[in-house]
Amino acid sequence: QVHLVESGGGFVQPGGSLRLSCAASGTIFRSLAPGWYRQAPGKQRALVATITGGDCTNYADSVKGLFTISRNNDKNTVYLQMNSLKPEDTAVYYCNTVPSSHKYWGQGTQVTVSS
């Protein structure tokens, strides 16, 4: 069974940056498009960024121009570069396939943006 492990979260001040990583234990991202999701306190989990096999990217309007998703197929890893972070970006960030599968939800990585 494939496992996804997110890392790179932390505490950052508004305007700061973080780079999240998602390492897959198998080559699932070579056959299914990966995406980054986030769940803020009291809100439903939402998709924020996707990247296809052809490296076509899509973003939620709230992060467009601020976040960048990328991938390294040799390392079975997907990244999310987050710039100009705002308090409303505070959430637990997860990676999964798009559409998501209950099989692949991991623990996520906490991102807290606060002064």
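Each remark here, short or long, concerns the structure printed above.
Note that this is a predicted model, so its numbers are computed, not measured. (Residues numbered from 1 in each chain as written. Predicted model: local features only at pLDDT ≥ 70, side-chain atom pairs only at ≥ 80, totals over all residues. Heavy atoms only, no water.)

J.: Would you take a moment to explain the packing of aromatic side chains for this structure?
T.: Each aromatic ring pair is specified by the distance between its two centres and by the angle formed by the two planes. Scanning all chains against the criterion turns up two aromatic pairs. Ring plane angle 75 degrees and centroid distance 5.1 Å describe the contact between Tyr37 and Trp105, whose orientation is recorded as edge-to-face. Of the two residues, Tyr37 sits in strand 4 (residues 34-39) while Trp105 sits in the loop between strand 9 (91-97) and strand 10 (109-113), which places them 68 residues apart along the sequence. The class of Tyr37 is buried, set by a relative accessible area of 8%. The exposure class of Trp105 is partly exposed, given its relative accessible area of 28%. Between Tyr94 and Trp105, the ring centres sit 5.7 Å apart and the planes meet at 80 degrees, which makes this aromatic pair edge-to-face. In this pair, Tyr94 sits in strand 9 while Trp105 sits in the loop between strand 9 and strand 10, placing the two residues eleven residues apart along the sequence. Exposure remark for Tyr94: the relative accessible area of 10% places this residue in the buried category. (Phe/Tyr/Trp six-rings, centres within 6.5 Å; stacked < 30°, edge-to-face > 60°. Helix = DSSP H or I, 4+ residues; strand = E, 2+ residues; numbered from the N terminus. Buried < 20%, exposed > 50% of the residue type's maximum accessible area, 1.4 Å probe, protein only.)

Note that all results are geometric; they support no functional claim without further evidence.
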